[in-house]
Amino acid sequence: MQTFSPCKEKTDSNEWYILSSIDKALVVTDENFHVKSITALDPKLFPQPEGINFDSKFNLYIISEAGDQDKGIIYKFEK
């Protein structure tokens, strides 16, 4: 992994979700930053993943800038 966006804590489980834009990957760690999972993001769906956030129901949102497309994309992953 080369570059990460700022971390975002998922408050109901004390996990950290860390986005790597260059590597197009989502890393989940426990509260002590031990890696629990690494998920590769499909570059066709996530041309330039730049941000992550959670809503009040702990649904995950991944924001991808436009890359070669006309508009950016926001993906919602329900808990």
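Data block above holds the structure.
Residues numbered from 1 in each chain as written. Predicted model: local features only at pLDDT ≥ 70, side-chain atom pairs only at ≥ 80, totals over all residues. Heavy atoms only, no water.

## With respect to the pattern of salt bridges
Any two side chains of opposite charge can pair if their charged atoms end up close together. Counting across every chain of the model gives two salt bridges. Note that lysine 36 and glutamate 15 form a salt bridge whose closest N and O atoms lie 2.5 Å from each other. With lysine 36 in strand S4 (residues 35-40) and glutamate 15 in strand S2 (residues 15-20), this pair connects stretches of sequence that are 21 residues apart. Among the ionic pairs, glutamate 78 bridges to lysine 76, the shortest N-O distance being 3.9 Å. For lysine 76, a relative accessible area of 44% gives the class partly exposed. (Salt bridge = Lys/Arg side-chain N within 4 Å of Asp/Glu carboxyl O. Helix = DSSP H or I, 4+ residues; strand = E, 2+ residues; numbered from the N terminus. Buried < 20%, exposed > 50% of the residue type's maximum accessible area, 1.4 Å probe, protein only.)

## Focus: the sheet that holds strand S5 (residues 49-54)
Spatial strand order, S5-S6-S7: three strands in an open sheet with antiparallel pairing. What marks the edges here is a single partner per strand, and that holds for S5 and strand S7 (73-77). Each strand axis lies, on average, 20° off the axis of its neighbour in the sheet, ignoring direction. Alignment of S5 against strand S6 (residues 60-64), held across five bridges, turns out to be antiparallel. Directly across from proline 49, in S6, lies its bridge partner serine 64. (Pairing = 2+ DSSP bridges. Axes fitted to C-alpha atoms, helices over the stretch in contact; angles between N-to-C directions.)

## Re the packing of aromatic side chains
Counted by the stated rule, this structure contains three aromatic pairs. Judged by centre distance (5.1 Å) and plane angle (80°), the rings of tyrosine 17 and phenylalanine 54 are edge-to-face. Here tyrosine 17 is found in strand S2, whereas its partner phenylalanine 54 is found in strand S5, with 37 residues between them in sequence. The exposure class of phenylalanine 54 is buried, given its relative accessible area of 13%. Measuring from ring centre to ring centre gives 4.7 Å for phenylalanine 46 and tyrosine 75, while their planes differ by 50°; the resulting arrangement is tilted. Of the two residues, phenylalanine 46 is situated in the loop between S4 and S5 and tyrosine 75 in strand S7; the sequence distance between them amounts to 29 residues. Since its relative accessible area comes to 5%, phenylalanine 46 is described here as buried. (Phe/Tyr/Trp six-rings, centres within 6.5 Å; stacked < 30°, edge-to-face > 60°.)

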